[in-house]
Amino acid sequence: MSQQHLQSVWDTYTASWKTDSVADRETLFSLSLDPGCTYSDPLATAQGWTQLTAYMDDFHHQVPGGHFVTHYFASHNRQSIAKWNMVDGSGQVIGEGVSYGRYNDQNRLVAMTGFFETP
């Protein structure tokens, strides 16, 4: 699978962090995530779409309009690394980090692991 295609899958996944529409998020999940995916970062772990949605909703309560902007992406062998900025609703950068992704044979993310400094 080409890096361009995996980056498109990654970008679809990160778009799911920006929306607060349940229907839009489910559409983005269906295009980018395996239903049994796992998510982890220094603050939380989520298994599957329902837990990930709850974590995203909590993020939106803490950072209204918050989302992530990828500024570097590399991949090989169904794995990727992405460097990103966390931005608030006004577009101001409020954090930065790196994420690792692992993809299945259908090019859906099965594992996403975020690394960032905690407050």
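Peer 1: Can you walk me through the nonpolar core in this structure?
Peer 2: Side chains of nonpolar character tend, in soluble globular proteins, to be buried together. Grouped together as the largest cluster of nonpolar side chains are 24 residues, with contacts concentrated most on Trp10, Tyr13, Trp17, Leu33, Tyr39, Leu52 and Met112. Those elements that place two or more of their residues in this core are α1 (3–18), β1 (33–40), α3 (48–62), β3 (67–76), β4 (79–87) and β6 (109–115). By residue number, the principal contributor to this core is α1, which donates 5 residues. Excluding its chain neighbours within four sequence positions, the residues that come into contact with tryptophan 10 are Thr70, Phe73, Ser80, Ala82, Ser99, Gly101, Tyr103, Leu109 and Met112.

Peer 1: Is there a simple way to think about unusual backbone geometry in this case?
Peer 2: Apart from glycine, the bulk of residues carry a negative phi angle, and the bulk of peptide bonds sit in the trans form. Positive phi is not limited to glycine here, since asparagine 77 has a value of about 50 degrees. Here asparagine 77 is to be found in the loop between β3 and β4. Positive phi, normally seen in glycine, also occurs at arginine 78, with a value near 60 degrees. Position of arginine 78 among the secondary structure elements: in the loop between β3 and β4.

Peer 1: What should I look at first to understand the pairing of β6 in this one?
Peer 2: Along any regular strand, the residues point their side chains to alternate faces of the sheet. Judged by how many residues are buried, β6 sits mostly within the fold: 5 of 7 residues are covered. Here β1 runs beside β6; their pairing, made up of 4 bridges, is parallel. Across the sheet, the residue bridging to threonine 38 is alanine 111, located in β6. With 6 bridges connecting them, strand β5 (residues 93–103) and β6 associate as antiparallel partners.

Peer 1: What is the right way to read the layout of surface pockets from this model?
Peer 2: Empty space among the atoms becomes visible once a probe the size of a water molecule is rolled across them. Size it by volume and the largest pocket reaches roughly 510 Å³. If you trace the largest pocket, you find 23 residues lining it, with Leu43, Phe59, Phe68, Met86 and Phe116 closest to the centre. Residue assignment for the lining of the largest pocket shows that the elements contributing at least two residues are α1, α3, β4 and β5. Taken together, the residues that form the lining of the largest pocket break down as 14 nonpolar, 5 polar and 4 charged.

Peer 1: Honestly, the pairing of β4 in this entry has me stumped. Any pointers?
Peer 2: When β3 meets β4, the two strands line up antiparallel, connected through 9 bridges. Residue pairing in the sheet places histidine 67 in a bridge with valine 87 of β4. Where β3 folds back on β4, the antiparallel hairpin that results is connected by 2 residues, among which asparagine 77 adopts a positive phi of roughly 50 degrees. Relative to β5, β4 is paired through 9 bridges, and the arrangement is antiparallel. By the bridge assignment for β5, glutamine 79 is matched with arginine 102. Following β4, the chain reverses through 5 residues before pairing antiparallel with β5; glycine 91 in that reversal takes a positive phi of roughly 90 degrees.

Peer 1: How should the pattern of salt bridges be read in this particular structure?
Peer 2: Oppositely charged side chains may form a pair once their charged atoms are brought near each other. If you walk through the whole model with that rule in mind, you get 2 salt bridges. With a shortest N-O distance of 2.8 Å, arginine 25 and aspartate 57 are connected by a salt bridge. Here aspartate 57 lies in helix α3 and arginine 25 lies in helix α2 (residues 22–32), a separation of 32 residues in the sequence. Classification of arginine 25 as buried rests on a relative accessible area of 4%. A salt bridge links arginine 78 to aspartate 105; the shortest N-O distance between them is 3.5 Å. Here aspartate 105 lies in the loop between β5 and β6 and arginine 78 lies in the loop between β3 and β4, a separation of 27 residues in the sequence. Note on aspartate 105: relative accessible area 60%, which makes it exposed.

What counts and what doesn't
Residues numbered from 1 in each chain as written. Predicted model: local features only at pLDDT ≥ 70, side-chain atom pairs only at ≥ 80, totals over all residues. Heavy atoms only, no water. Core = buried A, V, L, I, M, F, W, Y, C linked by side-chain atoms within 4.5 Å. Buried < 20%, exposed > 50% of the residue type's maximum accessible area, 1.4 Å probe, protein only. Helix = DSSP H or I, 4+ residues; strand = E, 2+ residues; numbered from the N terminus. Contact = heavy atoms within 4.5 Å. Pairing = 2+ DSSP bridges. 1 Å grid on protein atoms, 1.4 Å probe; cavity = no way out; pocket = protein on both sides within 12 Å on 5 of 7 lines; lining within 4 Å. Points joined across faces, edges and corners; volume = space filled by probe spheres on them. Nonpolar A, V, L, I, M, F, W, Y, C, P; charged D, E, K, R; others polar. Salt bridge = Lys/Arg side-chain N within 4 Å of Asp/Glu carboxyl O.

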